[in-house]
Amino acid sequence: MAILRITKYPEEVLKKKTEPVKEFGPGLQKLIDDMIETMYAAPGVGLAANQVGVSKQVTVIDVSSRDEASSLIVLINPEIIHAEGEDSCEEGCLSIPEYTTIVKRAEKVKVRGLDRSGALLEIEAEGLLARALQHEIDHLNGFLLIDRIGRIKREFFRKRFVREQAVGKE
Ligand code: NI
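Residues numbered from 1 in each chain as written. Predicted model: local features only at pLDDT ≥ 70, side-chain atom pairs only at ≥ 80, totals over all residues. Heavy atoms only, no water.

**Remarks on the coordination of the nickel ion**
Part 1 of the argument: Taken together, Cys93 (SG), His135 (NE2) and His139 (NE2) make up the protein donors of the nickel ion, found 2.0 to 2.3 Å from the metal.
Part 2 of the argument: We note that the donor set of the nickel ion lies within a single chain, spaced as C-x41-H-x3-H. Of the two residues, Cys93 is situated in strand S4 (residues 87-93) and His135 in helix H2 (residues 127-140); the sequence distance between them amounts to 42 residues.
Part 3 of the argument: Taking relative accessible area as the criterion, Cys93 reaches 9% and is therefore assigned buried. (Donors = N, O, S within 2.8 Å, 3.2 Å for Na, K, Ca; no water. Helix = DSSP H or I, 4+ residues; strand = E, 2+ residues; numbered from the N terminus. Buried < 20%, exposed > 50% of the residue type's maximum accessible area, 1.4 Å probe, protein only.)

**Observations regarding H2**
Residues lying three or four places apart along an α-helix face the same way, a consequence of the helix completing one turn every 3.6 residues.
Part 1 of the argument: Helix length check: H2, at 14 residues, gives a terminal C-alpha distance of 20 Å against a target of 20 Å (1.5 Å per residue), a fit within 8%.
Part 2 of the argument: Those residues of H2 lying buried are Leu129, Ala130, Arg131, Ala132, Leu133, Gln134, His135, Glu136, Ile137, Asp138, His139 and Leu140.
Part 3 of the argument: Phi for Gly142, located one or two positions after H2, is positive at around 90°. (Expected span 1.5 Å × (residues − 1).)

**Section: the pattern of salt bridges**
Part 1 of the argument: The full count for this structure, using the stated rule, is 14 salt bridges.
Part 2 of the argument: Arg116 is paired through a salt bridge with Asp33; the nearest N and O atoms lie 3.0 Å apart. In this pair, Arg116 sits in the loop between strand S6 (108-114) and strand S7 (120-126) while Asp33 sits in helix H1 (residues 26-41), placing the two residues 83 residues apart along the sequence.
Part 3 of the argument: For Arg116, a relative accessible area of 26% translates into the label partly exposed.
Part 4 of the argument: Residue classification places Asp33 among the partly exposed residues on the basis of a relative accessible area of 27%.
Part 5 of the argument: Among the ionic contacts, a cluster of salt bridges with common partners joins Asp87, Glu91, Arg105, Arg131, Asp138 and Arg148. (Salt bridge = Lys/Arg side-chain N within 4 Å of Asp/Glu carboxyl O.)

See below:
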């Protein structure tokens, strides 16, 4: 296994809709193992394949806290088939370091996809897992959490980002 480089805003691969997975061979299995290791090393509660530069519909999620048993989910070609309620909560993203913001999402979701062997996987979730699923599926569709906030907050984010880039170059 290997720890992969995490792509960062504004890299193009993060803005592009990822391709569905059709082959479940060794290449995919290695990508999944590397993504799991990269997520735990970061550490993060979820990682989408385009966050390691691979434009495929693969995501790994583990929302368990340090003192709990692992609740690792590997999800391929996922789609949200049902969403209800509304919940606002602070969110961050490994591809946008040192930035968190309140994001409004559905409170409960039902997701359908495939597991790492290609078998059907359906997940009903609420709370942190529902949020992580929506965040990661957004990644796979080319959206970041800054696409889910209001225009004024997004402008603030962009201005801050440009300013920090300028400072970094000094
Ligand atoms: Ni993210």
